[in-house]
Amino acid sequence: MRSSGSPFPTSRGFVHSQAADERAIVKGLAQHDFLVAPGVVLLNHASYGIASRRVLEAAEAMRYEIESDPTWFLGADLFERLRWPTELFAETVGLDPATMTLCANATTGAAAVISGASLSETTTVVVLETEYSSIVRGWERACERSGATLVRIPVPLPFDGPDQLIDRLEATVRGDIAYLQMSLVASSSAVHFPVAEMAAWAHGRGGRLVLDAAHGPGHVPLDPVGWGVDVAFGTAHKWFPTLRPVGFLWLAEELVETVRPAEVSLTYDSADLVERFSWPGTFDPVPRLSLPVAIEQWRQWDRQGSWAECTSLANEAVELLSSVGARPTASRHYQPPRLRAFVLDQWTVAEVRELMNQAGIRAWVGPGADGECILRIATHVYNDLTDIEAVVAQLKSALRR
């Protein structure tokens with residue numbers, strides 16, 4: 001997103017039309033919904049998200065209200081005030097509110113699951129190498145304490161379906177397992193995994209499937225029951241324009257009564273799932289309370305067709321970046337709608353980070369499981385084709401040198 005210029009350039013042969021004017025107006029309005037600094041090209045939405053002006057204003061009003069009488073507004077009634085945002089979020093992303101709760105973030109949800117996992121010297125935990133590093137570390141610590149075996153499975157890139165991955169699981173993992181940890185969409189490599197096939201494998205080995213769905217809500221439809229998932233955790237701030245400390249934890253029905261927060265707080269023993277996770281000690285409830293504002297704005301963009309445009313822009317990014325030698329990390333069927341990653345064989349991580357920083361481009365750049373350089377971009381309502389062209393221009397300039 002640049003601070004000036006047409007969001008629909010004619011340099012690539014776009015035909016100027018009334019429809020293009022309307023799209024430009026919508027996108028221009030979307031750009032003003034955020035506080036992004038002039039000159040910054042923000043293509044890293046998938047890391048930290050960004051709260052909209054509308055949410056920030058609503059949150060500020062809520063904070064003033066709470067500070068006017070914290071004894072009242074942070075008292076017992078807070079649990080019920082938090083229930084509606086929980087139910088609305090569940091309805092929006094397609095989850096059963098009876099088996100879901102909001103929490104601080106994806107890490108909080110993961111910690112609750114991992115800290116309560118039943119492990120021993122005879123059990124095995126399997127994680128994919130594409131998992132988020134802190135989640136892998138959490139399972140490592142749990143296995144170190146219990147004596148359980150941790151097996152890490154490499155994921156071939158580009159990813160082109162479950163068969164090769166399941167073959168690796170079959171060849172590497174002996175006997176039954178306790179848990180398989182995987183992502184709906186891998187964070188750095190942006191692979192949209194076939195969850196149902198992986199869940200079937202885990203259950204065939206006597207284990208549970210734990211799903212990191214951080215990149216799901218507001219982006220990729222969730223169907224944990226249909227997929228055969230046992231536990232899912234994630235966050236709202238990746239794809240909703242909400243404040244950041246808002247995560248979620250979903251549990252299969254048989255686990256609702258047993259999973260507890262990692263921190264022992266006043267509501268640790270509550271039979272009510274929402275209440276159990278609604279008081280992790282003294283905390284700021286505003287991010288959760290203002291979530292409905294973010295959901296309504298997200299729905300507004302959906303009604304305007306903005307998400308379809310963002311997907312089209314991501315597809316265009318694949319074409320343009322491939323033209324300078326970037327290799328998509330997954331075939332088209334396994335690319336998430338608005339998050340794409342590429343292996344850059346010609347460059348190092350340090351080189352690409354410097355190239356992007358020089359142009360004010362905020363994209364995720366980091367090493368893959370085998371040390372390869374990965375560039376990941378996320379397209380949002382404030383992005384346009386000029387943002388993608390800026391990335392390509394930087395890579396082209398390096399190639400010329």
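These numbers were taken from a predicted model, which means no experiment stands behind them. (Residues numbered from 1 in each chain as written. Predicted model: local features only at pLDDT ≥ 70, side-chain atom pairs only at ≥ 80, totals over all residues. Heavy atoms only, no water.)

**A word on the overall build of the chain**
At step 1: What the chain contains, in helices and strands, is 16 helices and 13 strands.
At step 2: At 22 Å, the chain has a C-alpha radius of gyration in line with the 21 Å of a compact globule built from 401 residues.
At step 3: Judged by the C-alpha coordinates and their principal axes, the chain covers about 60 × 60 × 35 Å.
At step 4: Looking at the chain as a whole, 56% of its 401 residues are labelled buried.
At step 5: Look at the contacts in the chain between residues 6 or more apart in sequence, and 71% of them connect residues 24 or more apart.
At step 6: By element, 51% of the accessible surface of the chain is carried by carbon and sulfur atoms, the whole surface being about 17,100 Å².
At step 7: Taking the 34 positively charged and 48 negatively charged side chains of the chain as two groups, their mean positions are separated by 6 Å. (Helix = DSSP H or I, 4+ residues; strand = E, 2+ residues; numbered from the N terminus. Rg over C-alpha atoms; globule rule 2.2 N^0.38 Å. Buried < 20%, exposed > 50% of the residue type's maximum accessible area, 1.4 Å probe, protein only. Contact = heavy atoms within 4.5 Å. Areas by Shrake-Rupley, 256 points an atom, 1.4 Å probe, with all protein chains shown as cover. Lys, Arg positive; Asp, Glu negative; His and termini not counted. Charge placed at Lys NZ, Arg CZ, Asp CG, Glu CD.)

**Some points on the sheet that holds strand β7 (residues 231-235)**
At step 1: In space, the seven strands of this open sheet follow the order β2-β8-β7-β6-β5-β3-β4, with mixed pairing throughout. What marks the edges here is a single partner per strand, and that holds for β2 (100-103) and β4 (149-153). Across the sheet, the axes of successive neighbouring strands diverge by a mean angle of 15°, strand direction being ignored.
At step 2: As judged from the four bridges shared by β2 and strand β8 (residues 247-251), these two strands associate in the antiparallel manner. Across the sheet, the residue bridging to Leu102 is Phe248, located in β8.
At step 3: Running over the sheet, helix α5 (residues 77-93) touches β2 and β8 and is turned about 115° from β2.
At step 4: Where helix α9 (residues 195-204) meets the sheet, its contacts fall on β5 (179-183) and β6 (208-212), and the angle it forms with β6 comes to roughly 145°. (Pairing = 2+ DSSP bridges. Axes fitted to C-alpha atoms, helices over the stretch in contact; angles between N-to-C directions.)

**Here we look at the pairing of strand β12 (residues 364-367)**
At step 1: Looking at chain direction, β12 and strand β13 (residues 373-378) are connected through four bridges and run antiparallel. Paired with Pro367 across the two strands is Cys373, which belongs to β13.
At step 2: What sits between the antiparallel neighbours β12 and β13 is a turn of five residues, in which Gly371 has the positive phi angle 85°.

**Here's the deal with the domain arrangement of the chain**
At step 1: On domain assignment, one finds that the chain holds domain 1 (31-50 + 305-400) and domain 2 (60-296).
At step 2: The interface is formed by 28 residues belonging to domain 1 together with 25 residues belonging to domain 2.
At step 3: The contact between domain 1 and domain 2 buries some 2,000 Å² in all, and 56% of this surface belongs to carbon and sulfur atoms.
At step 4: Interface area lost by domain 1 to domain 2 is led by Thr329, Tyr334 and Arg338, which between them contribute 27%.
At step 5: Taken together, the connections running from domain 1 to domain 2 amount to zero salt bridges.
At step 6: Where domain 1 packs against domain 2, one counts 13 residue pairs in polar contact (both at pLDDT 80 or more).
At step 7: Taken together, the elements giving at least two residues each to the side of domain 1 that touches domain 2 come down to α2 (45-48), β9 (327-328), β10 (339-343) and β13.
At step 8: The element best represented in the side of domain 1 that touches domain 2 is α2, accounting for four residues.
At step 9: Split by residue class, the side of domain 1 that touches domain 2 holds 15 nonpolar, eight polar and five charged. (Domains from an automatic or database assignment. Buried area = accessible area lost by both parts, 1.4 Å probe. Salt bridge = Lys/Arg side-chain N within 4 Å of Asp/Glu carboxyl O. Polar contact = N/O pair within 3.5 Å; in protein donor to acceptor, adjacent residues only side chain to side chain. Nonpolar A, V, L, I, M, F, W, Y, C, P; charged D, E, K, R; others polar.)

**Examining the pairing of β5**
Consecutive residues of a regular strand have side chains that alternate between opposite faces of the sheet.
At step 1: Among the five residues that make up β5, five are buried, leaving the element largely enclosed by the rest of the structure.
At step 2: In β5, alternate side chains face the same way, and those of Tyr179, Gln181 and Ser183 on one face and Leu180 and Met182 on the other are all buried.
At step 3: Pairing geometry for β5 and β6, over five bridges, is parallel. Of the residues in β6, the one forming a bridge with Met182 is Leu211.
At step 4: Remark: the β5/α9/β6 crossover connection has right-handed handedness. (Right-handed = clockwise from strand over helix to strand, strands pointing away.)

**Structural notes on the UniProt feature "domain: Aminotransferase class V" (unreviewed entry) in the chain**
At step 1: Taken from the UniProt record, the annotation "domain: Aminotransferase class V" (unreviewed entry) applies to residues 93-390.
At step 2: Across residues 93-390 one finds 35% helix and 18% strand; the C-alpha atoms that close the span lie 33 Å apart. (UniProt positions renumbered as here; feature names shortened; annotations may be inferred.)

**So, unusual backbone geometry**
At step 1: Residue Pro158 is bonded to the preceding Leu157 through a cis peptide linkage, with omega at 0°.
At step 2: Within the secondary structure, Pro158 sits in the loop between β4 and α8 (162-172).
At step 3: Notably, Ala190 is not glycine yet its phi reads approximately 50°, a positive angle.
At step 4: Checked against the element boundaries, Ala190 lands in the loop between β5 and α9.
At step 5: According to the relative accessible area criterion, Ala190 is buried, its value standing at 2%.

**Concerning the packing of helix α3 (residues 53-68) against helix α13 (residues 291-303)**
At step 1: Viewed as axis vectors pointing N to C, α3 and α13 meet at an angle of 160°, and their least axial separation amounts to 9 Å. Here α3 lies roughly antiparallel to α13, going by the angle between them. The way α3 lies across α13 gives a crossing that is right-handed. Seen from α3, the contacting residues are Arg54, Val55 and Ala58; seen from α13, they are Val293, Ala294, Gln297 and Gln300.
At step 2: Here the contact of α3 with α13 is built from residues that sort into four nonpolar, two polar and one charged. (Parallel < 35°, antiparallel > 145°, perpendicular 65-115°, else oblique. Left-handed = near helix turned anticlockwise from the far one by under 90°.)

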